[in-house]
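Close look at the chain arrangement
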Amino acid sequence: MMMPIQWLTDELLGQIHIVHVFPDILFQAYIFTLELLRHLFFTFEQYKKVLGYTSLPPGLAFAVAGLGSGLTEAVVVNPFEVVKVNLQTNRNAFTEQPSSFVQARQIIKASGLGFQGLNKGLTATLGRHGVFNMVYFGFYFNVKNILPVNKDSNLEFLRKFGIGLVSGTIASTINIPFDVAKSRIQGPQPVPGEIKYRTCFKTMATVYKEEGFLALYKGLVPKIMRLGPGGAVMLLIYEYVYAWLQDTVDHK
């Protein structure tokens with residue numbers, strides 16, 4: 001039987017030929033949505049299924065499956081992150097803003113596909129997504145299985161939303177040093193032409209040494225405001241849409 005998330009994304013990807021008429025921003029949103037469905041939730045389910053054959057305790061299996069899905073997601077999204085950061089830091093944004101595809105070609109032409117080119121900051125992105133998803137999925141499913149289910153649908157919705165909110169908040173707090181390192185590596189360097197931030201943990205050490213411990217948590221409040229509620233909503237969508245798709249596919 002085809003997995004519901006895979007069935008949905010395959011159906012959407014079958015219509016990919018229409019995206020050439022989309023504005024660039026809609027194209028990116030479309031691709032990101034497909035990537036999120038396939039590489040976050042679908043891969044989480046696949047890792048969870050594989051880990052079901054191991055001797056890992058169920059609680060730990062959720063966290064490891066989350067880690068695996070995060071690492072997979074990071075490999076896929078990192079080139080998009082590099083392009084996004086380059087576009088956001090383009091000082092000529094109002095006069096000659098290139099499209100995402102043009103910017104990607106420029107990066108590849110100048111620096112290649114490696115760790116100084118389209119995959120710049122990959123280790124930091126792996127840490128950011130891997131740690132986030134490990135905590136995010138691990139906490140959510142473990143706590144959800146511990147707290148009793150409410151028979152009232154509204155209370156059950158609030159129970160899941162509350163657990164998702166806490167999951168997103170904790171995961172954001174734990175992974176933000178990787179996020180800071182990623183921003184420093186992929187963003188403009190302090191001295192033009194001189195690369196100061198190269199690798200993930202060395203960047204963290206440099207930031208800590210020069211700016212203090214709290215510098216590793218810069219941007220934490222807006223990140224929590226975005227990924228706390230956002231994480232809760234995503235998990236609720238995952239739960240309800242996945243259940244609906246599973247029921248739909250099973251009846252085909």
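From a predicted model like this one, the values you see are computed outputs, not experimental measurements.

**Section: the overall build of the chain**
Within the chain, the regular secondary structure consists of 8 helices and 0 strands. For the chain, the N- to C-terminal ordering of α and β elements is α-α-α-α-α-α-α-α. Every one of the 252 residues in the chain was classed for burial, and the buried ones make up 43%. Contacts in the chain between residues at least 24 apart in sequence constitute 71% of all its contacts with a sequence separation of at least 6. Total accessible area computed for the chain in this model is approximately 14,100 Å², and 67% of it derives from carbon and sulfur atoms.

**Describing the packing of helix α3 (residues 58–88) against helix α5 (residues 122–146)**
Contact geometry of α3 with α5 gives a least axis separation of 6 Å together with a crossing angle of 145 degrees. Between α3 and α5 lies a crossing whose hand is right-handed. Each residue belonging to the contact of α3 with α5 can be placed in one class, and the counts come to 12 nonpolar, 12 polar and 3 charged.

**What to know about the layout of surface pockets**
In this approach the atoms are scanned with a rolling probe the size of a water molecule, which exposes any empty space left behind. By volume, the second largest pocket amounts to about 350 Å³. Every residue lining the second largest pocket is counted, 16 residues in all, and those nearest its centre are Asn86, Thr89, Gln103, Lys120 and Gln186. Elements that contribute at least two residues to the lining of the second largest pocket include exactly α3 and α4 (100–111). For the lining of the second largest pocket, the element with the most residues is α4, which contributes 5 residues.

**Considerations on the nonpolar core**
Grouped together as the largest cluster of nonpolar side chains are 18 residues, with contacts concentrated most on Phe44, Tyr136, Phe137, Phe141 and Tyr238. If you tally residues by element for this core, the top one is α5, at 6 residues. Counting residues in hydrophobic clusters, the runner-up holds 11 residues, among them Phe178, Ala181, Met204 and Leu216.

**Considerations on the pattern of salt bridges**
One pass over the full model with this rule turns up 13 salt bridges. Glu239 is paired through a salt bridge with Lys144; the nearest N and O atoms lie 2.7 Å apart. Here Glu239 is found in helix α8 (residues 220–250), whereas its partner Lys144 is found in helix α5, with 95 residues between them in sequence. Across this residue pair, the class does not change: Glu239 and Lys144 are buried. The shortest N-O distance in the salt bridge between Lys160 and Glu239 comes to 3.9 Å. Here Lys160 is found in helix α6 (residues 153–186), whereas its partner Glu239 is found in helix α8, with 79 residues between them in sequence. Three or more residues joined by partner-sharing salt bridges are found here, namely Glu81, Lys84, Arg128, Asp179, Lys182 and Lys223.

**Brief notes about the confidence of the model for the chain**
Per-residue confidence for the chain averages 82 on the pLDDT scale, and 80% of its residues sit at or above 70. Looking over the chain, one finds the lowest element-wise mean pLDDT in helix α1 (residues 4–13), namely 45, and the highest in helix α7 (residues 200–211), namely 96. Considering only residues more than four positions removed or in separate chains, one finds that residues 5–34, a stretch of pLDDT under 50, has 36 contacts.

**Digging into the packing of α6 against α7**
At a minimum axis distance of 9 Å, the contact between α6 and α7 shows a crossing angle of 95 degrees. Between α6 and α7, the interaxial angle falls into the category roughly perpendicular. Across from Pro177, Phe178, Ala181, Arg184 and Ile185 in α6, the residues of α7 making contact are Cys200, Phe201, Thr203, Met204, Val207 and Glu211. For the contact of α6 with α7, the residue count by class is 8 nonpolar, 1 polar and 2 charged.

**Here we look at the side chain of Gln103**
Along the chain, the position of Gln103 falls in helix α4. By relative accessible area, which is 8% here, Gln103 ends up buried. Discounting residues that sit within four places of it in the chain, Gln103 has contacts with Val83, Asn86, Leu87 and Pro98.

**Here's the deal with α3**
Compared with the 45 Å implied by 1.5 Å per residue over 31 residues, the 42 Å span of α3 between its first and last C-alpha is a close match. In the structure, α3 departs most strongly from a straight axis at Val77, where the bend amounts to approximately 45 degrees and where the proline Pro79 lies between one and four residues downstream.

About the cut-offs
- Once a new chain begins, its residue numbering starts again from 1 and follows that chain's sequence as written.
- Given that the model is predicted, a residue must reach a pLDDT of at least 70 before its local features are reported, and side-chain atom pairs must reach 80 or more before they are shown or counted; all residues, however, enter totals for whole chains, interfaces and linings.
- Side-chain measures were taken over the full set of non-hydrogen atoms in the model, leaving aside hydrogen atoms and water.
- The helix and strand labels rest on DSSP assignments: H or I over at least four residues marks a helix, E over at least two residues marks a strand, and numbering proceeds from the N terminus.
- Any residue under 20% of the maximum accessible area for its type is buried, any over 50% is exposed, and the rest in between are partly exposed; the area is computed with a 1.4 Å probe on protein chains only.
- Throughout, a contact is declared for two residues whenever any of their heavy atoms are within 4.5 Å.
- In these tables, accessible area is a Shrake-Rupley quantity obtained with a 1.4 Å probe, and a residue counts as shielded only by the protein chains included in the view.
- The angle between two axes is taken between their N-to-C directions and runs from 0 to 180 degrees, where each axis is a line fitted to C-alpha atoms and a helix contributes only its stretch in contact.
- Here is the rule for handedness: rotate from the far helix to the near one, and if that takes an anticlockwise turn smaller than a right angle the crossing is left-handed, while a clockwise turn gives right-handed.
- In this classification, the charged set is Asp, Glu, Lys and Arg, the nonpolar set is Ala, Val, Leu, Ile, Met, Phe, Trp, Tyr, Cys and Pro, and all remaining amino acids, among them Gly, are polar.
- Here the term cavity refers to a set of points on a 1 Å grid, laid over the protein atoms alone, in which a 1.4 Å probe fits but cannot get out; the term pocket refers to an open set having protein on both sides within 12 Å along at least five of seven lines, with lining residues being those that place an atom within 4 Å of a point.
- Grid points are joined across faces, edges and corners, and a volume is the space filled by probe spheres set on the points.
- In these notes, a set of buried Ala, Val, Leu, Ile, Met, Phe, Trp, Tyr and Cys residues joined through side-chain atoms within 4.5 Å is what counts as a nonpolar core.
- Between Lys or Arg on one side and Asp or Glu on the other, a salt bridge is scored when a side-chain nitrogen of the former is within 4 Å of a carboxyl oxygen of the latter.
- By definition, pLDDT measures how confident the predictor is in each residue, and it falls between 0 and 100.
- Working rule for angles: under 35 degrees goes down as roughly parallel, over 145 as roughly antiparallel, 65 to 115 as roughly perpendicular, anything else as oblique.
- What a helix is expected to span follows from its residue count: subtract one and scale by 1.5 Å.
- Two axes enter the definition of the bend at a residue: one is fitted to the seven residues ending there, the other to the seven starting there, and the bend is the angle between them.

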